[in-house]
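# Notes for the structure review
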Amino acid sequence: MEKNQFLIYNDLIDHLYNCTGMEELKKDFMVPVRMLIPYTYCSILLAAEGIDSSSLAQAENLYQPEPICVPDTFVEAEKRYIQRAAQDPVLWLIHGNESTLICESEILSEKERLEGELHRYCYESYDIYDTMQYSIVAKHHLLGVLSLFRTRIDGCFQSDDMFFLRSIGVHLNKVFSKILAADREQSTTLRTVEDIRQMHGLTVRETQILEKILQFYSNEEIAEECGISSLTVQKHIQNLLRKLEVGSRLELFRQYCI
């Protein structure tokens, strides 16, 4: 690895481990990875729940409906792909319980890549010529697929590109798993808060503060997050405890925290 590539690689991995959400992953990983592995388009498709390699043929929805794309204009292509993913000739290789890296030009002829119905429907208007895919897997469970695309003028991906993506993928698996776990926890908490809000007639501000409490924020952190004073936070908490008929934060945690 050349010195400049080594520096880019280290910086990229550092940024990757600092990502805490999908938007950060897009901005701080998907965009700058282009400096190490030049590409024209990049996407991450999130795997649908309950899909495994034995049920691909029967599955109607292999991926979640909203792809993450760089640039954003590539979203339409990937939404089209999601509709017809079961037609992909390399789908069986990428959907498994172990991380896999494939480069389509390594396993398919130019005719197979460019003249299929799936390519014409999804990628022909984008002049896609070669695709490199990495399956993001954690604990033998497919989480998503990272794909890099090149146009004809860019040419095919090479062995160095595959080496870099395979090396980065080990780290991507870990970070992606943590992001999805945090998203699921946040989603569950928000559903719970909405149930409590409707049941007890909480105001918008009370609901916002309750959400932060259930995420273990301190009063000072809540004040900073909401842009209000600590005294105002305390007053809202007193109203919350009264409406929820609990005597303290501890009782609130015991009754509502998940």
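Everything quoted here is computed from the prediction, not taken from an experiment.

## Some points on the sheet that holds strand E5 (residues 141-151)
- Ordered by their spatial adjacency, 5 strands build an open sheet running E2-E1-E5-E4-E3, and the pairing between neighbours is antiparallel. Strands at the two margins of the open sheet, each flanked by one partner only, are strand E2 (68-70) and strand E3 (101-103). Here the average twist between neighbouring strands, direction ignored, is 10 degrees.
- Note that strand E1 (residues 41-46) and E5 share 6 bridges and pair antiparallel. Within E5, the residue paired with tyrosine 41 across the bridge is phenylalanine 149.
- The sheet strands contacting helix H2 (residues 22-30) are E1, E2 and E5, and the helix crosses E2 at an angle near 25 degrees.
- Together, E1, E2 and E5 form the strand contacts of helix H3 (residues 75-83), whose direction differs from that of E1 by roughly 40 degrees.

## Thoughts on the packing of helix H9 (residues 204-214) against helix H12 (residues 249-256)
- Two numbers describe how H9 lies on H12: the axes approach to 11 Å, and their chain directions differ by 85 degrees. With respect to H12, the axis of H9 lies roughly perpendicular. Facing Leu210, Ile213 and Leu214 of H9, the residues of H12 in contact are Arg249, Leu252, Phe253 and Tyr256.
- Across the contact of H9 with H12, the residue classes break down as 6 nonpolar, no polar and 1 charged.

Calculation rules
- Residues numbered from 1 in each chain as written.
- Predicted model: local features only at pLDDT ≥ 70, side-chain atom pairs only at ≥ 80, totals over all residues.
- Heavy atoms only, no water.
- Pairing = 2+ DSSP bridges.
- Helix = DSSP H or I, 4+ residues; strand = E, 2+ residues; numbered from the N terminus.
- Axes fitted to C-alpha atoms, helices over the stretch in contact; angles between N-to-C directions.
- Contact = heavy atoms within 4.5 Å.
- Parallel < 35°, antiparallel > 145°, perpendicular 65-115°, else oblique.
- Nonpolar A, V, L, I, M, F, W, Y, C, P; charged D, E, K, R; others polar.

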